[in-house]
Amino acid sequence: MNESRGAILERIRSGRLGAPVQSRLDPPTLIPTKDSSSLHDRFVQEAEAVGAIVHRSDRRDLTVETVLRILGDAGVKRLISWEPNDLPISELMKAVVDDGVQLVDPPTPANAETLSREWTAMATADAGLTGAVGGLADTGTIVLRSGPGRPRLTWLLPPLHVVVLHSSFVHPTLSAFMGECGELVRCSSHVAFVTGPSRTADIEQTLTIGVHGPKEVHILLVDHDCKSIEESEAAQAATVSDEPGDQMSKHDLVQ
Amino acid sequence: MNSPSMSFQQRVSHALADGQLRIALDRTTERFTSKRVAGLASLPDADAVRDYARSIRLHTLSKLDDYLEQFEANVTSVGGQVHWASDAQEANEIVLDLARSRSVKRVVKSKSMVSEETELNQALISGGLDVVESDLGEYIIQLAGETPSHIIAPAVHKTREQVGQLLADKLGVPMTDDPVEMTATARSALRDVFLQSEMGISGVNFGVASTGSLAIVTNEGNASLTVTAPRIHVAMMGIERIVPTLDDLAVMLLVLARSATGQKLTVYTDLLTGPRRGDPDGPEELHVVLLDNGRSRLIGTEVSEVLACIRCGACLNACPVYQQIGGHAYGSVYSGPIGAVLTPSLDREGPWHVLPEASSLCGACREVCPVRIDIPRMLLALRAETVHSGKGNRWVRVGFWLYRIAATKPWLFRCGVSVVRQLTKMFFVNGWLLRLPSPLPSWTRSREFPVIASRTFSEEMRDREKGSGDE
């Protein structure tokens, strides 16, 4: 392995010999929407264009009510969810359970042998409930990150995904998100940018929805106060050093 | 790379005679092309963004060694492991060793062109492992025992009727020609595969040097599941797929989705930075296999630009040759215009020198390329190399040798033209030659050859000058 490493790098170096490093152009000026109301309208428009369903809410009780209605309409009996403290509204989970929906526990990482059995149990869930760390207006994308209390399979496995996104997390573009929230990528094992429901066109380019991931994605774009775990997280991430080595240990501390 | 058993000419004849293939290609390449145009139109200044994307790619390649080292250091610092493979065999051995040492029995794969290049599936299956492809198109061709015919739509050569029949035969489900039903069948068949496999193998769209992140995009979500449920994630990646920073990644993703399918962003864009860190799910181990397989040798050569390719497939859809013959006729993993450059460049010993001939040099590929790769220039360079190395067609060489002698001696040229004119008169029908004699019959296999005009251009000009002199 080390032999190949050295040989590959050596071949690249001898190929490069004498050639200057090619300079890069200045980035083209993007004109992101600054005004927040049009930013949110754009997000809604683009998310709906890719087949997501967006619900807007400016009251906590309305948000809870809407989630219950979505789950009820879809006949959801079993739900997998991020832990209450990782959801933007901590009382949401209790309301769902009070409404008669059964919670399927996420797998326990310590127990590798029974893992596949636990995941098979998760696979029976009718819906997944998550928060989001961002939204991208010009593509209608939601941004999710993994972490303790935030199983990834919640947004991948069930046929229905319900996601609560605070409107202050909507960024104009992917580039804008990377510029402001790059640290979230550094300190999460998995950051997912999800743009609409799962789709394929592998058979004659005919669009078909829900091939592996969810068939339906409901986004609650909320304006009201949240117990905003995302904000504190972003603040923590911002203080993390640029050094990759440092970053790991600090990341462990913030957990 | 595997060598096809038939010659390129035979494969092309085969493809052209395949009615089902023509239907499938007609239905899809057109749809891809129009979606791409619409997708790029949604960028405020698509041309400037493409120029910028190109400059990022060329900059990265011009100091690839530095970026690879940075990438390796960062993958390692977040708990991943990097393996370097000089060739296909070494890459496959690395993966097989990982599987064996960790008692892996079942492997689920998401689409990876690099693993097609190394023929990883065969290696793993001969090693006694169960390997299942999870991309719908790849799953279809795996059931059919075929290879992909398009970079991003592997089963593009099949009509929906053929897919329906295949699923009915292999899975025992009722025959249908409804893609929605077929997709539901695949979803339920693959569910358990994701959850029961111990190892997930994916490709990589981009590796980010500054963070050690892997960017993997799919519309189906199959890669997301492949890299989440199994205990071990192995990512296969060509050494050229590096971008320096997350900002650069954002630019590349912007042009990739639009050029590939016309979407503004692929449905699932996953950024993976190391294995799980106290998360309830996600892989415990992350291994990145960096494959060279002839790439490093291209740095600093006339064809080094081919390494800038981001595998969107737009040049395939735009190519008038690909539109007619499809991907399999190329006989190589990478088909279309980019494949015609990449394949002979990566595998210099293989029978690929004929691939650069499969182009009219119309430039449609360069026109649509999101990073403006000058494919026609490299096709010409490869053709020249073939001639210089003596591998080209003997008759073409003799023909050009004769032409050079004649063209540098006007009297001989005039003489030759009049002899050829007399000769063609012996064969023509209604002003057309239907069949040229050996060694030229391939000229007339699928088209007629016009008879040489009764008077040459120089003769016409001479007469005109005489005529004007008389006035």
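Novice: Sorry if this is basic, but what is going on with the overall build of chain B here?
Specialist: A tally of helices and strands in chain B yields 20 helices and twelve strands. Across its three principal directions, the C-alpha atoms of chain B cover 100 × 55 × 45 Å. The contacts of chain B with a sequence gap of at least 6 include a subset with a gap of at least 24, amounting to 72%.

Novice: It is not clear to me how the interface of chain A and chain B should be interpreted in this structure. Could you clarify?
Specialist: In many reports, interface size means the accessible area that the parts give up when they come together. With 70 residues of chain A at the interface, the matching set in chain B holds 88 residues. Elements represented by at least two residues in the side of chain A that touches chain B include exactly α1 (2-16), α5 (115-122), α6 (153-156), α7 (174-186), β9 (190-194), β10 (199-200) and α9 (244-254) of chain A. If you tally residues by element for the side of chain A that touches chain B, the top one is α1(A), at ten residues. The residue makeup of the side of chain A that touches chain B, split by class, is 32 nonpolar, 27 polar and eleven charged. One ladder, built from five bridges, connects β9(A) with strand β9 (residues 268-272) of chain B; its direction is antiparallel. Within β9(B), the residue paired with A:Val191 across the bridge is B:Leu271.

Novice: Just to check I follow, could you spell out the domain arrangement of chain B for this structure?
Specialist: Taken domain by domain, chain B comprises domain 1 (21-31 + 42-296), domain 2 (300-388) and domain 3 (394-470). Here domain 2 of chain B and domain 3 of chain B have C-alpha centroids that lie 32 Å from each other.

Novice: Where do I start with helix α8 (residues 136-144) of chain B in this structure?
Specialist: Along an α-helix, residues three or four apart share an orientation, since each turn contains 3.6 residues. The element α8(B) is largely enclosed, with a buried count of seven among its nine residues. Of the residues making up α8(B), those classed as buried are B:Leu136, B:Gly137, B:Glu138, B:Tyr139, B:Ile140, B:Ile141 and B:Gln142. Buried positions along α8(B) lie against β10 of chain A together with β3 (130-133), α9 (160-171) and α10 (179-196) of chain B. One or two steps after α8(B), the chain reaches B:Gly145, where phi turns positive at roughly 70°.

Novice: Where do I start with the packing of α1(A) against helix α4 (residues 64-77) of chain B in this structure?
Specialist: A pair of packed helices can be characterised by two numbers: the angle between their axes and the separation between those axes. Across the interface, α1(A) lies against α4(B) with an axial gap of 9 Å and an inter-helix angle of 150°. One way to sum up the angle between α1(A) and α4(B) is to call them roughly antiparallel. Counting all contacts with α1(A), which are made through A:Leu9, A:Ile12 and A:Arg13, the residues of α4(B) involved are B:Leu64, B:Asp65 and B:Leu68. Broken down by class, the residue content of the contact of α1(A) with α4(B) amounts to four nonpolar, no polar and two charged.

Novice: Where do I start with the sheet that holds β9(B) in this structure?
Specialist: Spatially, the eight strands line up as an open sheet ordered β8(A)-β5(A)-β6(A)-β9(A)-β9(B)-β6(B)-β5(B)-β8(B), and their pairing is mixed. Across the chains shown, the open sheet's two edge strands, defined by having one partner strand only, are β8 (170-171) of chain A together with β8 (242-243) of chain B. Of the strands in this sheet, β5 (134-136), β6 (141-145), β8 and β9 of chain A together with β6 (213-218) and β9 of chain B are in contact with α7(A), which crosses β5(A) at around 160°.

Novice: So what exactly am I meant to see when it comes to the sheet that holds strand β3 (residues 102-103) of chain A here?
Specialist: One key point about sheets: their strands pair by backbone hydrogen bonds, in either a parallel or an antiparallel sense. Residues and elements named next belong to chain A. Strand order in the open sheet formed by six strands is β1-β12-β7-β4-β2-β3, and the pairing between neighbours is parallel. Looking at the sheet topology across the chains shown, the edges are occupied by β1 (53-57) and β3. Of the strand pairs in this sheet, strand β2 (residues 78-81) and strand β4 (residues 127-131) are connected by three bridges, and their pairing is parallel. Bridge pairing in β4 places Ile80 opposite Gly128. Across the sheet, helix α3 (residues 60-73) is in contact with β1, β4, β7 (160-166) and β12 (216-222); its angle to β12 comes to roughly 170°.

Novice: Is there a simple way to explain unusual backbone geometry in this structure?
Specialist: Most peptide bonds take the trans form, and the phi angle of most residues other than glycine is negative. Residue and element names in this part refer to chain B. Phi at Leu361 is positive, roughly 55°, even though this residue is not glycine. Backbone geometry places Arg372, a non-glycine residue, at a positive phi of 50°. With respect to the helices and strands, Arg372 occurs in the loop between α16 (364-368) and α17 (375-388).

Novice: Would you mind showing me how to read α3(A) here?
Specialist: Residue and element names in this part refer to chain A. The terminal C-alpha atoms of α3, which comprises 14 residues, lie 20 Å apart, in line with the 20 Å expected from a rise of 1.5 Å per residue. When we look at burial in α3, the residues that qualify are Thr63, Val64, Val67 and Leu71. Down the axis of α3, the smallest arc covering the buried residues is 100°, so these residues share one side. Facing away from the buried surface of α3 by more than 90 degrees, the exposed residues are Asp61, Arg69, Gly72 and Asp73.

Novice: Looking at this structure, I do not really get the environment of B:Pro439. What am I missing?
Specialist: With respect to the helices, strands and loops of the structure, B:Pro439 is situated in the loop between β11 (432-433) and β12 (449-450). Residues B:Pro439 and B:Ala153 lie 286 residues apart in sequence; the distance between their C-alpha atoms is 39 Å.

Novice: Explain the confidence of the model for chain B to me, please; I cannot follow it from the model alone.
Specialist: In low-pLDDT segments, the atomic positions of the prediction should not be examined closely. In this model, chain B carries an average pLDDT of 91, and 99% of its residues clear a pLDDT of 70 or more. In the predicted complex, the global pTM is 0.89; the interface-specific ipTM is 0.90.

Novice: Just checking my understanding: could you explain the pairing of β4(A) for this structure?
Specialist: Within a regular strand, the side chains alternate between the two sheet faces. Residues and elements named next belong to chain A. Where burial is concerned, most of β4 is hidden: five out of the five residues are buried. Residues Ala127, Leu129 and Gly131 line one face of β4 and the alternating positions Gly128 and Thr130 line the opposite face, and both faces are buried. Pairing between β4 and β7: five bridges, direction parallel. By the bridge assignment for β7, Ala127 is matched with Leu160.

Novice: Looking at this structure, I do not really get the nonpolar core. What am I missing?
Specialist: One recurring pattern in soluble globular proteins is that nonpolar side chains are buried together. All names here are of chain B. Met236, Met252, Leu253, Val289 and Cys315 are the most contacted members of the largest nonpolar core, which totals 191 residues. Counting contributing residues per domain, this core is built from domain 1 (21-31 + 42-296) and domain 2 (300-388), each supplying no fewer than three. Excluding its chain neighbours within four sequence positions, the residues that come into contact with Cys315 are Gly336, Pro337, Ile338, Cys365, Val368, Cys369 and Ile375.

Novice: Looking at this model, I keep getting lost on the environment of B:Ala186. Mind explaining?
Specialist: Tracing the backbone through its elements, the reader meets B:Ala186 in helix α10. Measuring from C-alpha to C-alpha, the distance between B:Ala186 and B:Thr456 comes to 65 Å, with 270 residues separating the pair along the chain. Look past the residues within four positions of B:Ala186 in its chain and what remains in contact with it is A:Val211, B:Leu136 and B:Tyr139.

The rules we used
- Along each chain, residue indices are assigned from 1 in the same order as the chain's sequence is written.
- Following the order in which they are written, the chains are lettered starting with A and the ligands numbered starting with 1.
- Thresholds applied to this predicted model are a pLDDT of at least 70 for local features of residues and 80 or more for the giving and counting of side-chain atom pairs; totals over whole chains, interfaces and linings are not thresholded and use all residues.
- Numbered from the N terminus, helices here are DSSP runs of H or I no shorter than four residues, and strands are runs of E no shorter than two.
- Here, residue contact means that the backbone-derived C-beta atoms of the two residues sit within 7 Å.
- Polar here means any residue other than Ala, Val, Leu, Ile, Met, Phe, Trp, Tyr, Cys and Pro, which are nonpolar, and Asp, Glu, Lys and Arg, which are charged; Gly is therefore polar.
- What makes two strands pair is DSSP finding at least two bridges between them.
- Residue ranges labeled as domains rest on an automatic or database domain assignment.
- Backbone-placed C-beta atoms define the burial measure: a residue is buried with 20 or more other C-beta atoms within 10 Å of its own, exposed with 12 or fewer, and partly exposed in between.
- Interaxial angle, 0 to 180 degrees, is taken between N-to-C directions of lines fitted to C-alpha atoms, where a helix line uses only the stretch in contact.
- Oblique is the label for any angle not under 35 degrees, not over 145, and not in the 65 to 115 range, which are roughly parallel, roughly antiparallel and roughly perpendicular in turn.
- Every helix has an expected span of 1.5 Å times one less than the residues it contains.
- Here, the arc refers to the directions that run from the helix axis to the C-beta atoms.
- Values of pLDDT, ranging from 0 to 100, describe the predictor's confidence in every residue of the model.
- Residues of type Ala, Val, Leu, Ile, Met, Phe, Trp, Tyr and Cys that are buried and joined through C-beta atoms within 7 Å form what is called a nonpolar core.

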